[in-house]
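# Reading the structure
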Amino acid sequence: MLIRSMILASVLVTGIAHAVEVPNPLDQERAKARPLVIVARTEADSTLSTLKKSLEDPAQKKAFDERNMVLYTIVGITGQRDGKDLEPQSTMSLIRGLKPGMIIDKAKVFLIGKDGEIKYKSEGEADLDTLFKTVDALPPAEKTLQAQAQPEPAGTPGTPNKSGKPAKPAKPVKALED
């Protein structure tokens, strides 16, 4: 009996130790897009419904897309990215990353820059024109972040690597003999 309980305890401890933290979805957007996050208690929230109706207008939607913005909505504990449901773990990671606090009456609106920093934060009403002006006022240095985020290609044989020496070509694989 003691051995069984020891095995069970070790399996539980190992399972907890290998638990993986789900990355924040905003980290995946860094240097690619400007997330607009709306955190509301209910779907009937006035801020949420106003911004969604504004985005139904083709001109507003085009302006939204031209600024590389992405809409995240969190209603209660359910999250969406551009109308597509997020996994519950991703939603919780997003909430932990923003730390919106208690949502009592009004929704909270966050505009995140390409650098991952909060550029605009509001509680209650927020219109797209104000958000667009905030994005347009961002420094041009933020626009170069996308170019910097591209990974460097790995060195190919014969081309210099980071130390300036040419990379060694790979050895050919010998066939196995029976």
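An unreviewed UniProt entry lists the chain under the name Tyrosyl-trna synthetase, with Pseudomonas lundensis as the source organism.

This next bit is on the pairing of strand β3 (residues 78–81). In this structure, strand β2 (residues 69–75) lies alongside β3, joined through four bridges in antiparallel fashion. Its bridge partner lying in β3, Val 75 is registered against Thr 78. Between β2 and the antiparallel strand that follows it, β3, lie two residues; Gly 76 among them carries a positive phi value of about 70°. Bridging between β3 and strand β4 (residues 84–85) involves two bridges; their strand directions are antiparallel. In the strand pairing of β4, Arg 81 is matched with Lys 84. Linking β3 back to β4 in an antiparallel pair, the connection comprises two residues, with Asp 82 at a positive phi of about 50°.

Here we take up the packing of helix α3 (residues 46–56) against helix α4 (residues 58–66). At a minimum axis separation of 5 Å, α3 and α4 run at an interaxial angle of 95°. With respect to α4, the element α3 is oriented roughly perpendicular. Taking contact as the criterion, the partners of Ser 54, Leu 55 and Glu 56 in α3 are, on α4, Pro 58, Gln 60, Lys 61 and Phe 64. The class makeup of the residues in the contact of α3 with α4 is three nonpolar, two polar and two charged.

The predicted model of the chain has a mean per-residue pLDDT of 78, with 66% of residues at 70 or higher. pLDDT under 50 marks residues 150–156. Its contacts with residues more than four places away, or in other chains, come to two contacts.

Our next topic: the pattern of salt bridges. Opposite charge on two side chains allows them to pair when their charged atoms are near. Taken as a whole and assessed by the stated rule, the structure comprises eight salt bridges. Arg 81 serves as the salt-bridge partner of Glu 29, at 2.7 Å between the closest nitrogen and oxygen. Residue Glu 29 is located in helix α2 (residues 25–29), and its partner Arg 81 is located in strand β3; the two are separated by 52 residues in the primary sequence. Residue Glu 29 is classed as buried on the basis of its relative accessible area, which comes to 8%. Residue Lys 52 is joined to Glu 43 by a salt bridge in which the shortest nitrogen-to-oxygen separation is 3.0 Å. The class of Lys 52 is partly exposed, set by a relative accessible area of 27%. A cluster of three or more residues bridged by salt bridges with shared partners is formed by Glu 29, Arg 81 and Asp 82.

With their axes 11 Å apart at the nearest point, α4 and helix α6 (residues 128–136) run at an angle of 25° to one another. In terms of orientation, α4 lies roughly parallel with respect to α6. Classified by chirality, the crossing of α6 by α4 is left-handed. For the pair α4 and α6, the contacting residues are Gln 60, Ala 63 and Phe 64 in the first and Leu 128, Asp 129 and Phe 132 in the second. Of the residues belonging to the contact of α4 with α6, the class tally is four nonpolar, one polar and one charged.

A few words on the sheet that holds β2. The strand order across the open sheet formed by six strands is β4-β3-β2-β1-β5-β6, and the pairing between neighbours is mixed. Since the sheet does not close on itself, it has two edges, and those belong to β4 and β6 (118–123), each with one partner. Running over the sheet, α6 touches β1 (34–40), β2, β5 (108–112) and β6 and is turned about 160° from β6.

Moving on to the pairing of β1. Sheet faces and side chains relate simply in a regular strand, where the side chains alternate between the two faces. With seven of its seven residues buried, β1 lies for the most part within the structure. By the alternation rule, side chains of β1 split into Arg 34, Leu 36, Ile 38 and Ala 40 and Pro 35, Val 37 and Val 39, which are all buried. Both β1 and β2 contribute to a ladder of seven bridges, which runs parallel. By the bridge assignment, Ala 40 is partnered in β2 with Val 75. With four bridges joining them, β1 and β5 adopt antiparallel strand pairing. Paired with Ile 38 across the two strands is Val 109, which belongs to β5.

Reading guide: rules and limits
Residues numbered from 1 in each chain as written. Predicted model: local features only at pLDDT ≥ 70, side-chain atom pairs only at ≥ 80, totals over all residues. Heavy atoms only, no water. Pairing = 2+ DSSP bridges. Helix = DSSP H or I, 4+ residues; strand = E, 2+ residues; numbered from the N terminus. Axes fitted to C-alpha atoms, helices over the stretch in contact; angles between N-to-C directions. Parallel < 35°, antiparallel > 145°, perpendicular 65-115°, else oblique. Contact = heavy atoms within 4.5 Å. Nonpolar A, V, L, I, M, F, W, Y, C, P; charged D, E, K, R; others polar. pLDDT = per-residue confidence, 0-100. Salt bridge = Lys/Arg side-chain N within 4 Å of Asp/Glu carboxyl O. Buried < 20%, exposed > 50% of the residue type's maximum accessible area, 1.4 Å probe, protein only. Left-handed = near helix turned anticlockwise from the far one by under 90°.

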